[in-house]
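Examining the three-dimensional arrangement
Next come the chains, spelled out residue by residue.
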Amino acid sequence: MSIARLSSRALIRFSGLDWRTFLQGQLTQDVSTLQPGEARFAALLTPQGRLMFDLFVVGFEDGAWLDIAAEHRDAMVQRMTLYRLRAKVDIAADDAPVLAAFDVDPVPGEGWVRDPRRPDLGWRGYGVASETDATEADYDAFRLAQGVPGPADWAGEKTYPIEANFDLLAGIDFKKGCFVGQETTSRMKRRGQIKNRMLPITFDGPPPAYGAEVLAGTLRAGEVLSGVDGRAMALLRLDRIGGADLTVDGRSVRVERPDWIA
């Protein structure tokens, strides 16, 4: 068993009579049927449909937590407070720790919920008093090995959620009705013409610099995002990577497409 505290994550507590309907109109995920002890992956988008914040909605009795990047918590609280208007919802920072358990199944005990993105990603713990035996870097390397991108890969409000595989990681409910950025997101899905996706690449040695160009011969095929020794995430043009010899800074790289990405 590996358990790590995710110091890069923080919680916002939502409660009050209207918390469900309030979040339902903002996030990419359906929260109308969220149950206590259940987590759902979601995002808050810009009106233009680009990723602003990734998050997990975690149900508890009479409310929900948003599990969000710690560096964005204050901005999210401020934004949600602005959107609240007359809705009867209480919004407050919560300093309970966020943990991840991986390479283990199942995790018994209160406070642990299944990671909703992929079954092999393990569990997330909220307010759990548990000893840790791994670091957040260990967890990030594990996540990357599963081919799942993370917040470092979509910084800057320039990425569409489908490019970051949110549609394949249960991060968007296309049947739930309106949410911020829905029009662009739904149109991309409906047309079925996804030009770019985040995919893992492998190579020998340390990762290339963030933003380094991926070439298919002499053609630009994408850019490198976050990485560790031997593996990184890259945003790639799907029409240029099939059967091509790919390089980054003259170094050979290989696409390692997870089986859950068709």
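Scroll up to find the structure.
Overview of the structure. (Residues numbered from 1 in each chain as written. Predicted model: local features only at pLDDT ≥ 70, side-chain atom pairs only at ≥ 80, totals over all residues. Heavy atoms only, no water.)

Quick look at the pattern of salt bridges
One pass over the structure, following the stated rule, counts 16 salt bridges. Its salt-bridge partner being Arg124, residue Asp67 comes within 2.9 Å of it at the nearest N-O pair. Placement of the pair is Asp67 in strand E5 (residues 63-69) and Arg124 in strand E9 (residues 123-126), with a sequence separation of 57 residues. Neither residue differs from the other here; Asp67 and Arg124 are each classed as buried. Across the pair Glu256 and Arg231 runs a salt bridge whose closest N-O atoms are separated by 2.6 Å. Residue Glu256 is located in the segment after strand E15 (251-255), and its partner Arg231 is located in strand E13 (residues 231-237); the two are separated by 25 residues in the primary sequence. Relative accessible area serves as the criterion here: at 17%, Arg231 is assigned to the buried category. Shared partners join several salt bridges into a network, and the residues in it are Arg9, Asp54, Asp67 and Arg124. (Salt bridge = Lys/Arg side-chain N within 4 Å of Asp/Glu carboxyl O. Helix = DSSP H or I, 4+ residues; strand = E, 2+ residues; numbered from the N terminus. Buried < 20%, exposed > 50% of the residue type's maximum accessible area, 1.4 Å probe, protein only.)

Some thoughts on the nonpolar core
Ranked by internal contacts, the top residues of the largest apolar core, which has 52 residues, are Tyr126, Phe166 and Ile201. Here the element with the most residues in this core is E13; it accounts for 5 residues. Here Ile201 is in contact with Val224, Gly230, Arg231, Ala232, Ala234, Leu236, Val253, Arg254 and Val255, once residues within four sequence places are set aside. Membership of the second largest hydrophobic core comes to 21 residues, among which are Trp19, Phe22, Val31 and Ala64. (Core = buried A, V, L, I, M, F, W, Y, C linked by side-chain atoms within 4.5 Å. Contact = heavy atoms within 4.5 Å.)

Observations regarding the sheet that holds strand E7 (residues 98-102)
Ordered in space as E1-E7-E9-E8, the 4 strands form an open sheet in which the pairing is antiparallel. Sheet topology places strand E1 (2-5) and strand E8 (112-114) at the edges, where each strand pairs with a single neighbour. Neighbour to neighbour, the strand axes of the sheet diverge by 25 degrees on average, direction disregarded. In this sheet, E9 lies alongside E8 in antiparallel orientation, the contact comprising 3 bridges. Note on E9: the bridge partner recorded for Val113 is Arg124. Most of the contacts of helix H3 (residues 136-145) go to E7, to which it runs at about 55 degrees, and overall it touches E1, E7 and E9. (Pairing = 2+ DSSP bridges. Axes fitted to C-alpha atoms, helices over the stretch in contact; angles between N-to-C directions.)

Notes on the sheet that holds strand E2 (residues 9-15)
Taken in spatial order, the 5 strands line up as E3-E4-E5-E2-E6 in an open sheet, and their pairing is antiparallel. Two strands lie at the open edges of the sheet, namely strand E3 (39-45) and strand E6 (90-94), each paired on one side alone. Looking at each pair of strands side by side, their axes are set apart by 30 degrees on average, direction ignored. Alignment of E2 against E5, held across 7 bridges, turns out to be antiparallel. For Leu11, the partnering residue across the bridge sits in E5 and is Asp67. Across the sheet, helix H2 (residues 73-84) touches E2, E3, strand E4 (51-60), E5 and E6, and the angle it forms with E6 is around 175 degrees.

A word on unusual backbone geometry
Glycine aside, negative phi is the norm for most residues, and most peptide bonds take the trans geometry. One non-glycine residue, Asp62, lies in the positive phi region at around 70 degrees. In this structure, Asp62 sits in the loop between E4 and E5.

Concerning the packing of aromatic side chains
Any aromatic ring pair is given by two values, namely how distant the centres are and how the planes are angled relative to each other. Following the criterion strictly, the structure yields 9 aromatic pairs and no others. A centroid spacing of 5.2 Å and a plane angle of 40 degrees characterise the contact between Phe41 and Phe56, whose relative ring orientation is tilted. Of this pair, Phe41 sits in strand E3 while Phe56 sits in strand E4, placing them 15 residues apart in sequence. Judged by relative accessible area, which is 3%, Phe41 ranks as buried. On the basis of an interplanar angle of 25 degrees and a centroid distance of 4.6 Å, the ring pair of Phe41 and Phe166 is categorised as stacked. Residue Phe41 is found in strand E3, and its partner Phe166 is found in the loop between H3 and helix H4 (182-191); the two are separated by 125 residues along the sequence. A single burial state applies to Phe41 and to Phe166, both of which are buried. Sitting over the ring of Phe41, Arg117 keeps its end group 5.5 Å from the ring centre. (Phe/Tyr/Trp six-rings, centres within 6.5 Å; stacked < 30°, edge-to-face > 60°. Lys NZ or Arg CZ within 6 Å of the ring centre and 35° of its normal.)

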